[in-house]
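Listed below, chain by chain, are the residues.
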Amino acid sequence: MSGRISYVLRFGDNALVLAQRSAAWVAHAPIMEEDVALANVALDLFGQAKLWLEYAGELEGLGRDADAFAFHRDAAAFSNVLLVEQPNGNFADTIVRGYFYDLWASLAWEELTRSRDERIAAIAAKSAKETAYHLRRSHDWLVRLGDGTECSRERAQHAVDRLWRYTGELFLGDEVDAAMMEAGIGFDPASLRDPWLERADAAFATATLARPADGWMQRGGKQGRHSEALGYMLAEMQVLPRSYAGATW
Amino acid sequence: MVASVWAWLDDVPDPELPSISITDLGIVRDVYEEGGEVVVALTPTYSGCPATAVIERDVTRALHEHGVDRVRIERRLAPAWTTDWITPRGRARLTENGIAPPDYLTLGPVVLSVVCPRCGSGRTTELSRFGSTPCKALYRCEACREPFDAVKPY
């Protein structure tokens, strides 16, 4: 598989997996407005995923469409970062996971709008507008929870502590990143680390949350080595098209 | 031919904002003829908007009804859609139908208040950043106390 296909799939898989996670909140959110918000965020992410996966299919030229990538690959073929596949947990876990991703994605889209690949630049520009809106919401909730009640603060801090180990992978490049950077198509993931940390620190300060101490960071999602959680999620997401092959509405 | 197609598309409503047409929404980016086909270039509002497929079907159907047999839909992603492309007529129709039109982004970072489409008061409160469709948020007017949808500046 060419570097560009792998590269495009990673962005698509991040969006797809987080979309599926977010959508699972529908009818379980603490208030109805959040049901609507999480559903809308999920819808944007599904849309973004479709744009990326369709492009991956075109580059590959084997006739795979977005559905083929979404429903007919096993966990090891998914290349999303470990962060987005983490289970929903409580509302604070979901907000913190979303905030970490939204902040990273907003920086990534900014880089990719300068991509030499026009299609990638277009998808990034489209996604940037949606992600900016998601980031405002997840940031505001992070502050609300952190600077909220004793209970909400404790849960938010616990979520930050638990999910922190999955943030390192966001800034870890591999040979695919290097090749794409070389070709003027992609960016250096490590270059997003400082701006990400700077903004996250500012948010933690407003939210009266503490940034966890540096420690071991999990890695491997981009290369298909996933946590157990992804398999369960995919089993639910893929059961229908796999059990009833070719089923249509 | 191209001018007629634009006029016909003026009568194709947006499925989720049926008070305005797809041309007023600013999602028809181009109409041209190529190799005996009429090509309509459409851009999505939000990338996951479920109305996209319906709009493509409606456009094809409208052109077929006007005797154009060979229609091709081109999905155009760049430049990305912005609510600044909603026409003045579209904005007026939104207000008439109880939906607050969005601020112009090109006005810069000036924060304008969302005006109640029912009574015209600027004393409004955001109830939810997300509304009944991806492009809208939910507001309430503090003057007439009516809740209403507002198209998000995008």
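Calculation rules
Along each chain, numbering runs from 1 in the same order as the chain's sequence is written. To read the labels, note that chains go from A and ligands from 1, taken in the order they are written. This being a predicted model, a pLDDT of at least 70 is required before a residue's local features are given, and a value of 80 or more before pairs of side-chain atoms are given or counted; all residues contribute to the totals for chains, interfaces and linings. Secondary structure elements are taken from DSSP: a helix is a run of H or I of four residues or more, a strand is a run of E of two residues or more, and numbering for both begins at the N terminus. An expected span of 1.5 Å times one less than the residue number is assigned to each helix. Here the C-beta atoms are placed from the backbone, and a residue counts as buried if at least 20 other C-beta atoms lie within 10 Å of its own, exposed if 12 or fewer do, and partly exposed otherwise. By the criterion used throughout, residues are in contact when their C-beta atoms, derived from the backbone, lie within 7 Å. Polarity classes work like this: nonpolar for Ala, Val, Leu, Ile, Met, Phe, Trp, Tyr, Cys and Pro, charged for Asp, Glu, Lys and Arg, and polar for all others, with Gly in that last group. Here the rule is simple: two strands pair whenever DSSP picks up at least two bridges between them. The split into domains, and so the bounds of each, comes from an automatic or database assignment of domains. Every angle, taken between N-to-C directions, lies between 0 and 180 degrees, and every axis is a line fitted to C-alpha atoms, over only the stretch in contact when it is a helix. Each nonpolar core reported here comprises buried Ala, Val, Leu, Ile, Met, Phe, Trp, Tyr and Cys residues connected via C-beta atoms within 7 Å.

(A) Just helix H7 (residues 150-163) of chain A, in detail. Residue and element names in this part refer to chain A. Relative to the 20 Å expected for 14 residues at 1.5 Å per residue, H7 spans 20 Å between its end C-alpha atoms, a close match to the ideal helical length. Within the sequence span of H7, burial applies to Arg155, Ala156, Gln157, Ala159, Val160 and Leu163. As for H7, its buried residues are in contact with helix H4 (82-85), helix H5 (91-112) and helix H6 (118-146).

(B) A look at the interface of chain B and chain A. Between chain B and chain A, the contact holds 13 residues from the first and 18 residues from the second. Broken down by class, the residue content of the side of chain B that touches chain A amounts to nine nonpolar, three polar and one charged.

(C) Here's a closer look at the pairing of strand E7 (residues 147-151) of chain B. Residues and elements named next belong to chain B. Among the five residues of E7, four are classified as buried, and the element is accordingly described as predominantly covered. Pairing between strand E4 (residues 99-100) and E7: two bridges, direction parallel. Of the residues in E7, the one forming a bridge with alanine 100 is alanine 150. Across five bridges, the pairing between strand E6 (residues 136-141) and E7 is antiparallel. Bridge pairing links leucine 138 to aspartate 149 in E7. Hairpin geometry of E6 and E7 is characterised by an intervening segment of five residues between the two adjacent antiparallel strands and by a positive phi of about 70° at arginine 145.

(D) The environment of A:Asp214, seen in detail. Residues and elements named next belong to chain A. Within the secondary structure, aspartate 214 is located in the loop between helix H9 (193-206) and helix H10 (228-243). On the basis of neighbour count, aspartate 214 is assigned to the exposed category, with 8 C-beta atoms found within 10 Å. Distance from aspartate 214 to methionine 180, taken between C-alpha atoms, is 29 Å for residues 34 residues apart in sequence.

(E) Region of the structure containing the domain arrangement of chain B. All names here are of chain B. Its domain assignment divides chain B into domain 1 (2-81) and domain 2 (98-151). Once you take the C-alpha centre of each, domain 1 and domain 2 turn out to be 27 Å apart. Counting residues at the interface gives six residues for domain 1, matched by four residues for domain 2. Residue composition of the side of domain 1 that touches domain 2, by class: three nonpolar, two polar and one charged.

(F) The arrangement of the environment of B:Tyr154 in detail. For B:Tyr154, the position within the fold is in the segment after E7. Between the C-alpha atoms of B:Tyr154 and B:Arg57, which are 97 residues apart in sequence, the distance is 25 Å. When near neighbours in sequence (up to four residues on either side) are disregarded, B:Tyr154 contacts A:Lys129, B:Thr82, B:Thr83, B:Pro102 and B:Cys135.

(G) Here's a closer look at the sheet that holds strand E1 (residues 28-34) of chain B. Residue and element names in this part refer to chain B. With mixed pairing, three strands are arranged side by side in an open sheet as E1-E2-E3. This sheet does not close on itself; its edge strands, each paired only once, are E1 and strand E3 (71-75). Mean inter-strand twist for the sheet, computed between neighbouring axes without regard to direction, equals 20°. As judged from the six bridges shared by E1 and strand E2 (residues 37-42), these two strands associate in the antiparallel manner. Bridging from a neighbouring strand, glutamate 33 pairs with valine 38 of E2.

(H) Examining the nonpolar core more closely. In this structure, A:Trp52, A:Leu83, A:Val96, A:Trp104, A:Leu142 and A:Ala156 are the most contacted members of the largest nonpolar core, which totals 104 residues. With 14 residues, H5(A) is the single largest residue contributor to this core. Structurally, this core is a two-domain feature, drawing no fewer than three residues from each of domain 1 (2-81) and domain 2 (98-151) of chain B. Look past the residues within four positions of A:Val96 in its chain and what remains in contact with it is A:Leu142, A:Ala156, A:Ala159, A:Val160 and A:Leu163.

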